[in-house]
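Report on the structure
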Amino acid sequence: MKICSTYKVRLTERNLAFSNTVELYRMAVDFFIDVMRSRPDSISECSTGSQAVNRIEPLTIPTAKRPEVPYDFSAKFYKFPCYLRRSAIAEAFGKYSSWVLNHRNWEENGRKGKVPGKPKAGFCFPAMYRDNTFVRTGTYTASIKAWIRNTWDWVDVTLRKCDVDYISKRCSNRKECVPTLCRRGKVWSLDFSFEEKVKLNDTKIQEQRIVAVDLGINNACTCSVMCSDGTVVGRKFLRLPAEYDCLNHRINRIKQAQQRGARRTPRLWGYADNVNRHIAELTARFISDIAMEYNADCVVFEALELKGKKRGSKKQRLHLWRARSVQSIVTGKVHRFGCRVSHVCAWNTSRLAFDGSGRILHGSESERTSNNYSLCEFSNGKLYHCDLNASYNIGARYYIRELLKSVTATRRLQLEAKVPSVRKRSTCVLSDLISLGAAIAA
């Protein structure tokens, strides 16, 4: 499996040539998009950017054997670097292909909804290819070919020392790809991409150890380390009270500004987004550390459905919930040491008791849990941690699914006859896994 990661290296200079280079590159992308729209047959059979380059260059680049072309690129873009031009063609092909697919889906759906807008370059940034537009002149210095003084010339830049040292320490065994010249706010940086190949574990399901994760709103996450027979090896909780208080404080500042008549508050929303992103990063680090500590073979999440309109008293918390971001960060972290990531059905994981006693009472549904949303009451009167109960059911559903997949169809029907509750995955709990394990052992 190939893993790609990106690390930015900040440039200490703020040169106007960088802005001119990016602007010229985006104009070139728009030029090639117009060519593709006017000649759709020439790239209709292309599937990659390199194929599109081979089809578009004969239409736009004049040569000694081909002095006249339908669309003269060189007449509009003086001495444009060839590698940067090919990068612009590949970028334009990606945006044009996306527009064609969206327009086709719009027509197949009966032309309902808004017509897909025409493709544009947008906020794309150029890739700086080595020896053509990027040369490393030293450990902390480099040269970039940029549009300066009405021509393409080399500009010396200085790379921030802490960024270069971090990459040298962390990415020495990875393959370095070409960097991309990017701008974030007023800061320019070179984003270096790295590739590495890893092999994910192939442990049998009976020998696997997993980390079942329940992502929550009150508690950041609850993790249960489980084995295939239903044994819970470890339980870990993560609560971030200081971070959530800071997030609430930022949101209250936004509310106060809106009550005073402010329609747009980008600075305040930026502060809130930074705190929210920090919460997601801390949660992902906590989950990946547990997976490494217990040498887990798989991390199991819920397949959350976050689309649609949010309702209730906590709808704003749901809008700010970065569950998908946490899952994405954890996936990138745990894949590096061979651990897999899986998702299970999220229906009724928090509504059913893990011991098979049925539906639980949560929040205002019970007098004993009305003041504490972290607790739930089982039908037999037992109080238990709500998120911990959900993590048990998440891990159980993963094992039930994989155990039934590992046997033949005949054997599966026999097991379902002995344990009928495993037929419907959305109602499986930990007690069903224990019963299934006993049936398999018998």
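In case you missed it, the structure is sitting above this.
Keep in mind the model is a prediction, meaning the values are calculated, not measured. (Residues numbered from 1 in each chain as written. Predicted model: local features only at pLDDT ≥ 70, side-chain atom pairs only at ≥ 80, totals over all residues. Heavy atoms only, no water.)

Details of the packing of helix 2 (residues 49–60) against helix 4 (residues 82–108)
How we decide: Fitted lines through C-alpha atoms give the axes, limited to the stretch in contact for helices. The angle between two N-to-C directions lies from 0 to 180 degrees. Labels follow the DSSP assignment, with helices taken as runs of H or I lasting at least four residues and strands as runs of E lasting at least two, numbered in each case from the N terminus. Angles below 35 degrees are treated as roughly parallel, those above 145 as roughly antiparallel, those between 65 and 115 as roughly perpendicular, and all remaining angles as oblique. By definition, any crossing whose near helix is turned counterclockwise from its far helix by less than a right angle is left-handed, and any crossing with a clockwise turn is right-handed. Note on definitions: a residue-residue contact is assigned when non-hydrogen atoms from the two residues lie within 4.5 Å.
Across the interface, helix 2 lies against helix 4 with an axial gap of 9 Å and an inter-helix angle of 110°. By the criterion of interaxial angle, the relationship of helix 2 to helix 4 is roughly perpendicular. The chirality of how helix 2 crosses helix 4 is right-handed. Residues Gly49, Ala52, Val53, Ile56 and Glu57 of helix 2 pack against Arg85, Arg86, Ile89, Ala90 and Phe93 of helix 4.

Description of helix 7 (residues 266–293)
Our working rule: To estimate the expected span of a helix, count its residues, drop one, and scale the result by 1.5 Å.
With 28 residues, helix 7 extends 40 Å from end C-alpha to end C-alpha; this agrees with the ideal 40 Å at 1.5 Å per step. Asn295 sits one or two positions beyond helix 7 and adopts a positive phi of about 55°.

Side note on the pairing of strand 11 (residues 298–303)
What counts here: Note on exposure labels: buried denotes an accessible area under 20% of the residue type's maximum, exposed denotes more than 50%, and partly exposed covers the range between, all computed with a 1.4 Å probe on protein chains only. Each pair of strands is called paired provided DSSP finds at least two bridges between the two strands.
Counting buried residues along strand 11, 5 of its 6 residues qualify, which places the element largely inside the surrounding structure. Sheet analysis places strand 8 (residues 209–215) next to strand 11, joined by 3 bridges and oriented parallel. When the bridges of strand 11 are listed, Val211 appears paired with Val299. Bridge analysis of strand 11 against strand 12 (residues 340–345) gives 6 bridges, and the strand direction is parallel. For Phe301, the partnering residue across the bridge sits in strand 12 and is His343.

As for the nonpolar core
Where we set the bar: For our purposes a nonpolar core is just a set of buried Ala, Val, Leu, Ile, Met, Phe, Trp, Tyr and Cys residues, chained together by side-chain atoms within 4.5 Å.
Counting 35 residues, the largest nonpolar core has Val211, Val213, Leu215, Ile287, Val299 and Val330 as the members making the most contacts within it. Listing elements by their share of this core, those giving two or more residues are strand 8, strand 9 (221–227), helix 6 (241–259), helix 7, strand 11 and helix 9 (323–334). Among the elements that make up this core, the one with the highest residue count is helix 7 (10 residues). Counting residues in each nonpolar core, the second largest holds 32 residues, with Ile210, Phe354, Tyr384 and Val419 among its members.

Brief notes about the packing of aromatic side chains
Test applied: The criterion for an aromatic pair is that two Phe, Tyr or Trp rings (for Trp, the six-membered ring) have centres within 6.5 Å, with stacked assigned to planes under 30 degrees apart, edge-to-face to planes over 60 apart and tilted to the rest.
Summed over all chains, the structure comprises 21 aromatic pairs. Summarising the aromatic geometry, the rings of Tyr7 and Phe194 are spaced 5.9 Å apart at their centres and angled 65° between planes, so their arrangement reads as edge-to-face. Residue Tyr7 is found in strand 1 (residues 2–10), and its partner Phe194 is found in strand 7 (residues 187–197); the two are separated by 187 residues along the sequence. Looking at Tyr7, the relative accessible area reads 18%, which means it is buried.

Some thoughts on the sheet that holds strand 3 (residues 141–148)
The strand order across the open sheet built from 3 strands is 2-3-4, with neighbouring strands paired in antiparallel fashion. Bordering the open sheet on either side are strand 2 (134–135) and strand 4 (151–158), each of which pairs with just one other strand. Across 2 bridges, strand 2 lies against strand 3 in antiparallel orientation. In the sheet register, Phe134 faces strand 3, and the bridge partner there is Ile144. Of the strands in this sheet, strand 3 and strand 4 are in contact with helix 1 (residues 16–38), which crosses strand 3 at around 60°.

Quick notes on the sheet that holds strand 12
Strand order across the open sheet formed by 5 strands is 10-9-8-11-12, with mixed pairing between neighbours. Edge positions in the sheet fall to strand 10 (232–238) and strand 12, since each of these pairs with one other strand and no more. Within the sheet, the average angular offset between the axes of one strand and its neighbour, ignoring direction, is 25°. Two strands pair when backbone bridges link them, and strand 9 and strand 10 are joined in this way by 6 bridges, in the antiparallel orientation. In the strand pairing of strand 10, Ser224 is matched with Arg235. Helix 9 contacts strand 8, strand 11 and strand 12 of the sheet and is inclined by roughly 160° relative to strand 11.

Re helix 9
As a reminder, the rule being used: For this quantity, the arc is that covered by the directions from the helix axis to the C-beta atoms.
With 12 residues, helix 9 extends 17 Å between its outermost C-alpha atoms, agreeing within 8% with the 16 Å of an ideal straight helix rising 1.5 Å per residue. Residues of helix 9 that are buried include every one of Ala323, Val326, Gln327, Val330 and Val334, and no others. For helix 9, the angular spread of the buried residues around the axis is 95°, confining them to a single face. Lining the buried residues of helix 9 we find strand 8, helix 7, strand 11 and strand 12.

Re the pattern of salt bridges
In a structure, side chains of opposite charge can pair up when their charged atoms sit close to one another. Defined as follows: Any Lys or Arg side-chain nitrogen located within 4 Å of an Asp or Glu carboxyl oxygen qualifies as a salt bridge.
For the structure shown, the criterion picks out 19 salt bridges. For Glu57, the salt bridge goes to Arg85, with nearest N and O atoms at 3.0 Å. Here Glu57 is found in helix 2, whereas its partner Arg85 is found in helix 4, with 28 residues between them in sequence. A relative accessible area of 11% places Arg85 in the buried class.

Points about a positive patch on the surface
Rules: Exposure above 30% relative accessible area and no salt bridge define the residues that can form patches, which grow by joining like charges within 9 Å and nonpolar side chains of Val, Leu, Ile, Met, Phe, Trp and Tyr within 5 Å. To measure how exposed things are, a 1.4 Å probe is used in the Shrake-Rupley method; for residues, cover is taken only from the protein chains shown. Charged residues are defined narrowly, with Lys and Arg counted positive, Asp and Glu counted negative, and His plus the chain ends left uncounted. Lys charges are placed at NZ, Arg charges at CZ, Asp charges at CG and Glu charges at CD.
Taken together, Lys8, Arg10, Arg14, Arg183, Lys186 and Arg277 make up a surface patch of like positive charges. In this fold, Arg14 is placed in the loop between strand 1 and helix 1.

As for the side chain of Ser42
By the secondary structure assignment, Ser42 is in the loop between helix 1 and helix 2. Beyond its immediate stretch of four places on either side in the chain, Ser42 contacts Arg55, Ile56 and Leu59.

A look at empty space enclosed by the protein
Which entries qualify depends on this criterion: Cavity: a set of points on a 1 Å grid over the protein atoms alone where a 1.4 Å probe fits but cannot get out. Pocket: an open set with protein on both sides within 12 Å along at least five of seven lines, its lining residues, like those of a cavity, having an atom within 4 Å of a point. Grid points are joined across faces, edges and corners, and a volume is the space filled by probe spheres set on the points. Just so you know the grouping, Ala, Val, Leu, Ile, Met, Phe, Trp, Tyr, Cys and Pro go in nonpolar, Asp, Glu, Lys and Arg go in charged, and all remaining residues, Gly too, go in polar.
Under the definition given, this model contains 1 cavity of 30 Å³ or more. Taken as a whole, the largest cavity spans an internal volume of roughly 170 Å³. What lines the largest cavity is a set of 15 residues, among which Tyr244, Asn276, Ile279, Trp321 and Arg322 lie closest to the centre. Going through the elements one at a time, helix 6, helix 7 and helix 8 (315–320) are the ones with two or more residues in the lining of the largest cavity. The element that contributes the greatest number of residues to the lining of the largest cavity is helix 7, accounting for 4 residues. Considered class by class, the residues forming the lining of the largest cavity number 10 nonpolar, 3 polar and 2 charged.

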